[in-house]
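# Residue-level structural notes
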Amino acid sequence: MKNKVTLESRIERARQLRKEGHTCSQCVYMVFDDIHGLSPESAATVSCGLGGGIGGLHNVCGTVSALSLVAGSLCYDGNPKSKIPVYSFIKKCCEDFAGQNGSIICAELLADTPRRKPCMQYIEDSITILHRHIDEE
């Protein structure tokens, strides 16, 4: 599947959403509306609780959780057996994210270390990784 939307437009839209106060997960999920098909309001509602590492608990990064939601919309066809390609897609994306950032865990990403980046960079990383993997599908 090829992206209908450019990577640059996704990232620019995510930056605007962040400026408006949206969570990291919302910024990722909402810019893939061409994949999930939800309205901006519904997409914001579905992805809100994933921010801050799931409800602010600093578990799996909200950008990675949102990426996983998009993967489900992209790869799942309603047949329970189709979870296998969903998991495979998510695993590849998570490996790329961890390779770039050292972890997919919010608390580790936000720890005071030399690797730490602003959350907007993690948003951009997840969007870029997901966008690239969609083009490869």
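Above this text sits the structure in question.
Residues numbered from 1 in each chain as written. Predicted model: local features only at pLDDT ≥ 70, side-chain atom pairs only at ≥ 80, totals over all residues. Heavy atoms only, no water.

### Remarks on unusual backbone geometry
- With a phi close to 70°, I54 is a non-glycine residue in the positive phi region.
- Position of I54 relative to the elements: it lies in the loop between α4 (40–47) and α5 (62–75).
- One non-glycine residue, H58, lies in positive phi territory at about 65°.
- Judged by relative accessible area, H58 falls into the partly exposed class, the value being 35%. (Helix = DSSP H or I, 4+ residues; strand = E, 2+ residues; numbered from the N terminus. Buried < 20%, exposed > 50% of the residue type's maximum accessible area, 1.4 Å probe, protein only.)

### Here we look at the packing of α5 against helix α6 (residues 83–101)
- Packing of α5 against α6 leaves a shortest axis separation of 9 Å and a crossing angle of 150°. Remark: the crossing between α5 and α6 carries right-handed chirality. The residues of α6 that touch α5, namely those facing T63, V64, L67, S68, A71, G72, L74 and C75, are P85, V86, F89, I90, C93, C94 and F97.
- Here the contact of α5 with α6 is built from residues that sort into 12 nonpolar, three polar and no charged. (Axes fitted to C-alpha atoms, helices over the stretch in contact; angles between N-to-C directions. Left-handed = near helix turned anticlockwise from the far one by under 90°. Contact = heavy atoms within 4.5 Å. Nonpolar A, V, L, I, M, F, W, Y, C, P; charged D, E, K, R; others polar.)

### Brief notes about the packing of aromatic side chains
- Scanning the entire structure with this criterion turns up one aromatic pair.
- Ring centres of F97 and Y122 lie 6.1 Å apart, and the angle between their planes is 50°; on these two criteria the pair is classed as tilted. One end of the pair, F97, is in helix α6; the other, Y122, is in helix α8 (residues 119–136), and 25 residues separate them in sequence. Judged on exposure class, the residue F97 and its partner Y122 are both buried. (Phe/Tyr/Trp six-rings, centres within 6.5 Å; stacked < 30°, edge-to-face > 60°.)

### Describing the environment of V31
- Its place among the elements puts V31 in the loop between α2 (24–30) and α3 (33–36).
- Accessibility expressed as a relative area gives 2% for V31, which makes it buried.
- Along the sequence, V31 and S9 sit 22 residues apart, while their C-alpha atoms lie 8.7 Å from each other.
- Residue contacts for V31: discarding those within four places in its chain leaves R10, R13, A14, L17 and I127.

### Let's talk about the environment of L38
- Summarising the element assignment, L38 is placed in the loop between α3 and α4.
- Note: C-alpha distance between L38 and R15 (23 residues apart in sequence) is 19 Å.

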